[in-house]
Amino acid sequence: MELLPRSPGEFGSARYWDRFFRQRGKRPFEWYGAFAELCPVLHKYVRPRDKVLVVGCGNSELSEQMYDVGMCEDIVNIDISDAVIRQMQERSAGTRPRMSYLLMDMLQMDFPDAHFQVVLDKGTLDALLTDEEEATLAKVDQMFAEISRVLQVGGRYLCVSLAQAHVLKKAVEYFSQEGWVVRVHQVASSGDKQQFVLPVFVYVMTKFRKIPGSAPQILEICPEEQDKPMRVESVERLVAAVRDRQHYALLCSQISKTPCREQVSLDLCDKESGKPRYTLHVVDSPSVKPSRDNHFAIFIIPQGRETEWLFGTEEGRRQLAASAGFGRLVTVALHREQHYEGMAGIQAELSGKVMELAPPGLPARQQVPFLSVGGDIGVRAVRHCGSSPLSGEFVVEDVKGDGTCYFRRLIFLRNRNVVQSEARLLAPTPLPGQKKRRKDKKKPSPTEPPGAIDKSYLCCEHHKAMVAGLCLLGGPDALPGELAVLVVGLGGGSLPLFVHDYFSQARVAVVEIDPSMLEVATHWFGFSQGDRMQVHVSDGLDHVAKLAAEGTISQSIPAQYDAVMFDVDSKDLTVGMSCPPPAFVEKPFLQKVKTILKPEGVFVLNLVCRDARLKESVLATLRDVFPLLYTRRIQGEVNEILLCQPGPAGRRGPAELGARARALERALRQPGRPWDGSYALADTLQAVHIL
């Protein structure tokens, strides 16, 4: 039986609808949901004494149900199909005396002006606005003009729609330009997603007298889970907000029917601010054999730990899900701009929403466990927020790591899942002669992190490998003597600080393009300048080029540096290489780097490149300039540390490199100098490869 049109244009044809209703018979055809779903919204805008016009009524039971529950009785229904009007007149004859059905075209209605308080449209606009051809848009304008004419001031046009972008945009633009208040409601789903995957919306257009001049538009959206509408500033933002909800509904429908082949990511936003509050990743583990109790679980990532490999990478989350032993695990990351009322508060807030992401086959009334590390939501304290023209918005925050350690981090918000710089914080120690705290005095909060920076600890694995690379300098069993080291890229200053403090004869020059980063490093990460530590606020490209030019012009000025270290990020996120910027690994510039290196020196490069072809091109260029090239991949990260030397004479195998790194570590672990025993520099060179 053919019930839908051969072409969308037939939706506007009276002949089509006559044939449609004859074939369907007396069975009601409900566009976009039943009365039970629409009732909560309709109750807000339809009063018992209102005179209501239903345009394009079809054989829907909506008018009858509104009448029967006492919502409203003075209802006039119109349609262009003679067949359906006769069918509906017969169906209500003698039972609903105040309700009428009329054969009428809504584009040319016979009613007087300002005759109704409510005009109700359930799918009629969607059926008419099937394309954006000139003739179609002219019909829609005529429909809107007629609705506006027959509505009183203060009356409401209620349009039930699937809110396709062009339909919503047309309706909102037309009525908002006429000075009407526009509000879009998302209709709460009944849970039966078999009929419609997309959510249903009700546009509520309230008629006001048009004010001459440019009166501000009032545009609002009211999601299904809340009554309070949210104001939006433009038609485009309103359309985008509806589109986000449609995409979410499609996603929920898809993953409720089939397992996820790839991890799915989505943000849940704060109702008031619209900013992300939770970031969710849906991870399915096909290897987990399903049982009644292991279908589905939620894992709350403690604050500040979302950047760790286990939680911040696809492979890490895959391992987490497999080790947790659940067929589907939803990981939840908490955002720094938000406040949370503990694990119980998060569970209460998320319980309803995460069930929309449940896997297929989840037993009815199944208890879904909330998991975490250590049973709490972690600690995050934002210490400083700033912005610079070069780095954009950034934050300095203290977070609690695994166990009792606290860390201070620098995060660039343009890439908020990457820790730009990190330093461990020292636990407070009592001063000599300081009395113990009296029991009756208030104890310090366990969530209040300490403040002093532990300069002896390198948090970043790639920094450990970069420092270990200095074992290529000096003798096999001795600490390098006087060193001249150039570091391009300051960040929080951990790398140059460690070189300065542990290589007592090293003179360190740092080049940093962003003066804001020097302020951050100084005020928040314990960085300071002195006789052996100087910072040049300059572009690294220009600074190296200037040094190379000075060495070329005057033969009396020798190549200056024993080590040159590049740890500089790229501001261009469109390139598949986030460290360093592409210009830093072009052949002419690398030749300048080689010029400022001593013949036995080492160039240390932190490379972060996800583009395989680009990475191979970078390595080929490095091999052209530096005959001797070692690479050390950082486990669980994209970072790769390249150790480059100007001459091939010092070629050493992994075993010799390991021995030299152990000798370097022994030399650095001097009596009276703090050294954390939880890591060893030598370990970082165990997996080094010669290219």
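As the structure is a prediction and not an experimental result, all values here were calculated from the model. Every chain's residues receive numbers from 1 upward, in the order its sequence appears when written. In keeping with the predicted nature of the model, local features appear solely for residues at pLDDT of at least 70, side-chain atom pairs appear and are counted solely at 80 or more, and the whole-chain, interface and lining totals rest on all residues. For the side-chain quantities, the full set of heavy atoms in the structure was used; hydrogens and water were omitted.

**A look at the packing of helix H12 (residues 461-468) against helix H13 (residues 494-502)**
For step 1, the next point in the chain: Remark: H12 packs on H13, axes separated minimally by 10 Å, with the N-to-C direction vectors making an angle of 35 degrees. Crossing of H12 over H13 shows right-handed handedness. Packed against H12, whose contacting residues are His463, Met466 and Val467, the element H13 presents Ser494, Leu495 and Phe498 at the interface.
For step 2, the next point in the chain: Under the grouping applied here, Gly and all other residues not named as nonpolar or charged are polar, the nonpolar ones being Ala, Val, Leu, Ile, Met, Phe, Trp, Tyr, Cys and Pro and the charged ones Asp, Glu, Lys and Arg. Per-class residue counts for the contact of H12 with H13 are four nonpolar, two polar and no charged. Structural elements are reduced to axes, namely lines fitted to C-alpha atoms, with helices fitted over the stretch in contact, and the angle between N-to-C directions of any two is expressed from 0 to 180 degrees. The helix and strand labels rest on DSSP assignments: H or I over at least four residues marks a helix, E over at least two residues marks a strand, and numbering proceeds from the N terminus. By convention, the crossing between two helices is left-handed when the near helix turns anticlockwise from the far helix through less than a right angle, and right-handed when the turn is clockwise. Contact criterion: two residues are considered in contact whenever any of their non-hydrogen atoms come within 4.5 Å of each other.

**Some words on helix H7 (residues 165-177)**
Because the α-helix completes a turn every 3.6 residues, residues three or four places apart line up on one side.
For step 1, the next point in the chain: Expected helix span is taken as 1.5 Å per residue step, with the number of steps being one fewer than the number of residues. With 13 residues, H7 extends 18 Å from end C-alpha to end C-alpha; this agrees with the ideal 18 Å at 1.5 Å per step.
For step 2, the next point in the chain: The complete set of buried residues in H7 reads Val167, Leu168, Lys170, Ala171, Val172, Tyr174, Phe175 and Ser176.
For step 3, the next point in the chain: Positive phi shows up at Gly179, right after H7, with a value of about 90 degrees. Accessible area is worked out with a 1.4 Å probe on protein chains only. A residue is then buried under 20% of its type maximum, exposed over 50%, and partly exposed in between.

**Side note on helix H6 (residues 134-150)**
For step 1, the next point in the chain: The end-to-end C-alpha distance of H6 is 25 Å, a good match for the 24 Å that 17 residues give at a rise of 1.5 Å each.
For step 2, the next point in the chain: When we look at burial in H6, the residues that qualify are Thr136, Val140, Met143, Phe144, Glu146, Ile147, Ser148 and Val150.
For step 3, the next point in the chain: For H6, the secondary structure elements touched by its buried residues are strand E1 (52-55), strand E4 (116-122), helix H5 (124-128), strand E5 (151-161) and H7.

**Things to note about the sheet that holds strand E15 (residues 380-388)**
Hydrogen bonding along the main chain pairs the strands of a sheet, whether they run parallel or antiparallel.
For step 1, the next point in the chain: Between any two strands, pairing holds if DSSP finds at least two bridges. Spatially, five strands are ordered E15-E16-E17-E18-E19 in an open sheet, and the strand pairing comes out antiparallel. Every other strand in the sheet has two partners, leaving E15 and strand E19 (453-454) as the edge strands with one partner each.
For step 2, the next point in the chain: Where strand E18 (residues 419-425) meets E19, two bridges bridge the pair, whose relative direction is antiparallel. The partner of Leu425 across the bridge, within E19, is Ile453.

**Here we look at the pattern of salt bridges**
Proximity of charged atoms lets side chains of opposite charge pair with each other.
For step 1, the next point in the chain: Each reported salt bridge corresponds to a side-chain nitrogen of Lys or Arg within 4 Å of a carboxyl oxygen of Asp or Glu. The full count for this structure, using the stated rule, is 36 salt bridges.
For step 2, the next point in the chain: Note that Glu314 is salt-bridged to Arg318, the shortest N-O span being 3.7 Å. Highlighted residues: Glu314 and Arg318, both in helix H10 (residues 314-324), separated by four residues, approximately one helical turn.
For step 3, the next point in the chain: We classify Arg318 as partly exposed; its relative accessible area is 38%.
For step 4, the next point in the chain: Notably, a salt bridge pairs Arg633 with Glu640, separated by 3.9 Å at the nearest N-O pair.
For step 5, the next point in the chain: Among the residues examined, Arg633 registers a relative accessible area of 44% and is labelled partly exposed.
For step 6, the next point in the chain: Judged by its relative accessible area of 2%, Glu640 falls in the buried class.
For step 7, the next point in the chain: One network of salt bridges, in which partners are shared, links Lys51, Glu73, Asp74 and Arg98.

**Some points on the confidence of the model for the protein**
For step 1, the next point in the chain: Per-residue confidence from the predictor is reported as pLDDT, a score between 0 and 100. Per-residue confidence for the protein gives a mean pLDDT of 82, with 82% of residues at or over 70.
For step 2, the next point in the chain: For the protein, per-element mean pLDDT is lowest for helix H1 (residues 14-24), which scores 48, and highest for E1, which scores 96.
For step 3, the next point in the chain: Across residues 1-14 the pLDDT falls below 50, and counting only partners more than four positions away or on other chains, this stretch makes 26 contacts in the model.
For step 4, the next point in the chain: Throughout residues 430-447 the model reports pLDDT below 50, and contacts reaching past four residues in sequence, or to other chains, amount to six contacts.

**Observations regarding the sheet that holds strand E13 (residues 328-334)**
For step 1, the next point in the chain: The strand order across the open sheet formed by five strands is E10-E11-E13-E12-E14, and the pairing between neighbours is mixed. Pairing within the sheet leaves two strands with one partner each, and these edge strands are strand E10 (264-269) and strand E14 (370-372). Strand-to-strand twist in this sheet, taken as the mean axis angle between neighbours without regard to direction, amounts to 25 degrees.
For step 2, the next point in the chain: As paired strands, strand E11 (residues 276-284) and E13 are joined by seven bridges and run antiparallel to one another. Within E13, the position partnered with Tyr278 by the bridge is Leu334.

**Digging into unusual backbone geometry**
For step 1, the next point in the chain: Between Cys579 and Pro580 the backbone carries a cis peptide bond, its omega angle lying at -5 degrees.
For step 2, the next point in the chain: Its place among the elements puts Pro580 in the loop between strand E24 (577-579) and helix H16 (587-595).
For step 3, the next point in the chain: Although it is not a glycine, Ala114 sits at a positive phi angle of roughly 50 degrees.
For step 4, the next point in the chain: Turning to its location among the elements, Ala114 is positioned in the loop between strand E3 (100-103) and E4.

**Some details on the packing of aromatic side chains**
For step 1, the next point in the chain: Stacked, tilted and edge-to-face are the three classes assigned to paired rings of Phe, Tyr and Trp, where Trp is represented by its six-membered ring and a pair needs centres within 6.5 Å; plane angles under 30 degrees give stacked, over 60 edge-to-face, the rest tilted. Going through the model one piece at a time under the given rule, you end up with 15 aromatic pairs.
For step 2, the next point in the chain: With 5.0 Å between their ring centres and 75 degrees between their planes, Tyr174 and Phe175 make a pair best called edge-to-face.
For step 3, the next point in the chain: Ring geometry for Phe498 versus Tyr502: centroids 4.5 Å apart, planes at 15 degrees, classification stacked. Here Phe498 and its partner Tyr502 are both found in helix H13, four residues apart, which amounts to about one turn of the helix. Of the two residues, Phe498 and Tyr502, neither departs from the other in class, the shared state being buried.
For step 4, the next point in the chain: Among the aromatic residues, those joined into a cluster by ring pairs are Phe144, Tyr157, Tyr174, Phe175 and Trp180.
For step 5, the next point in the chain: Any Lys NZ or Arg CZ that is within 6 Å of a ring centre and within 35 degrees of that ring's normal is treated as a charge sitting over the ring. Over the face of the ring belonging to Tyr457 we find Arg424, whose NZ or CZ atom lies 4.0 Å from the ring centre.

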